[in-house]
Amino acid sequence: MQPTAVLSYTIIISMILYLINRNNIKELILGRKQFSCRRCGHCCRLLVRLYDNDIKRLEDAGYKQSEFAVMIKKKPYIKQKNRYCPWLEIKSGTARCTIYENRPKICREFPQKRIFRMPGYDCRCCSFNKKF
Ligand code: SF4
Ligand code: SF4
């Protein structure tokens, strides 16, 4: 095969791999940045998956599963109110989780994320977005 053809194929394959993984690449780069929560509450409008331990902890705290959970594709999520988590409170522009001690696993970890087994950050977090 001609060297120019090899080079062209390499460039095309690299571009395809980049397009498939561009979010992961961005989140890996973000993983090198310093995270500082702005307490904007934007992450509290994402769908939050509930695991068995989350449901048990919330029930032990006195909440009823039928009131705080909704099934989506046979998996439980926090039931949102006006497109936000009902436990979000915003006062003077500052977000607060009213169940902080009992918040679900996903909320405890966000925006940290493992990408290809390496530490990264979820690019949906406003801490990394200059627009906010
Ligand atoms: S989106 Fe990010 S910066 Fe905003 S409250 Fe959530 S974790 Fe904090
Ligand atoms: S449980 Fe708390 S941290 Fe999690 S989405 Fe609701 S308000 Fe936000």
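It should be noted that the structure appears before, not after, this text.
Presented here is a report on the structure given in the accompanying data block. In every chain, residue numbers begin from 1 and rise along the written sequence. Ligands are numbered from 1 and chains lettered from A, in the order in which they are written. With pLDDT at 70 or above as the cut-off, local features in this predicted model cover only qualifying residues; side-chain atom pairs require 80 or more to be listed or tallied, and sums for whole chains, interfaces and linings still use all residues. Calculated side-chain values reflect all of the structure's heavy atoms, with hydrogen atoms and water omitted.

**Considering the pattern of salt bridges**
Where charged atoms of side chains with opposite charge meet at close range, the side chains can pair.
Then, number 1: One side-chain nitrogen of Lys or Arg within 4 Å of one carboxyl oxygen of Asp or Glu is enough to make a salt bridge. Under the defined criterion, the tally for this structure stands at 6 salt bridges.
Then, number 2: A salt bridge links Arg124 to Asp122, with the nearest nitrogen and oxygen atoms 2.8 Å apart.

**Focus on the site of ligand 2**
Then, number 1: A molecule or strand has a residue near it when one of that residue's heavy atoms lies within 4 Å. Around ligand 2, a shell composed of Cys44, Val48, Cys85, Trp87, Leu88, Cys97, Ile99, Pro104 and Cys107 is seen.
Then, number 2: In this analysis, the protein atoms alone were mapped onto a 1 Å grid. Cavities are point sets where a 1.4 Å probe fits without being able to get out; pockets are open sets with protein on both sides within 12 Å along at least five of seven lines; lining residues have an atom within 4 Å of a point. Grid points define the cavity or pocket, and a molecule sits in it when more than half of its atoms lie within 2 Å of them. With respect to the pocket detection grid, ligand 2 is positioned in the largest pocket.
Then, number 3: In the shell around ligand 2, the residues fall into 9 nonpolar, no polar and no charged. Ten residue types, Ala, Val, Leu, Ile, Met, Phe, Trp, Tyr, Cys and Pro, are classed as nonpolar, four, Asp, Glu, Lys and Arg, as charged, and the remainder, Gly among them, as polar.

**Quick notes on the packing of aromatic side chains**
Then, number 1: Only rings of Phe, Tyr and Trp enter the pairing, Trp through its six-membered ring, and a pair is recorded when the two centres are within 6.5 Å. The plane angle decides the type: under 30 degrees is stacked, over 60 is edge-to-face, the rest tilted. Counted under the stated rule, the structure contains 5 aromatic pairs.
Then, number 2: Centroid distance Phe35 to Tyr121: 5.7 Å. Interplanar angle 40°. Geometry classified as tilted. Note that Phe35 is positioned in the loop between helix H1 (3-30) and helix H2 (52-60) and Tyr121 in strand S6 (residues 118-121), a separation of 86 residues in sequence.
Then, number 3: A 1.4 Å probe rolled over the protein chains alone gives each residue an accessible area, and that area as a share of the maximum for its type sets the label: buried under 20%, exposed over 50%, partly exposed in between. On the accessibility criterion, Tyr121 (15% relative accessible area) is buried.
Then, number 4: Within the aromatic cluster, the residues linked to one another by ring pairs are Phe35, Tyr121 and Phe128.
Then, number 5: Counting as a charge over the ring demands two things of the Lys NZ or Arg CZ atom: a distance within 6 Å of the ring centre and an angle within 35 degrees of the ring normal. Arg103 extends its terminal NZ or CZ atom over the ring of Tyr100, reaching a point 3.8 Å from the ring centre. Secondary structure is summarised from DSSP: a helix means a run of H or I of at least four residues, a strand means a run of E of at least two, and numbering begins at the N terminus for each.

**Observations concerning the site of ligand 1**
Then, number 1: As a matter of local geometry, ligand 1 sits amid Phe35, Cys37, Arg38, Arg39, Cys40, Gly41, Cys43, Phe110, Cys125, Cys126 and Ser127.
Then, number 2: The pocket occupied by ligand 1, as judged from atoms lying within 2 Å of grid points, is the largest pocket.
Then, number 3: Here the residues of the shell around ligand 1 are counted per class, giving 7 nonpolar, 2 polar and 2 charged.

**A closer look at the nonpolar core**
Then, number 1: Formed by Val48, Leu50, Ile55, Leu58, Phe68, Ala69, Ile78, Cys85, Trp87 and Ile99, the largest nonpolar core amounts to 10 residues.
Then, number 2: Throughout, a contact is declared for two residues whenever any of their heavy atoms are within 4.5 Å. When neighbours within four sequence positions are excluded, Trp87 is seen to be in contact with Leu58, Tyr63, Phe68, Ile78, Arg96, Cys97, Thr98 and Ile99.
Then, number 3: Here, nonpolar core means buried Ala, Val, Leu, Ile, Met, Phe, Trp, Tyr and Cys residues that are tied together by side-chain atoms lying within 4.5 Å of each other. Among the nonpolar cores identified, the runner-up in size contains 5 residues, and Leu30, Phe110, Tyr121 and Phe128 belong to it.

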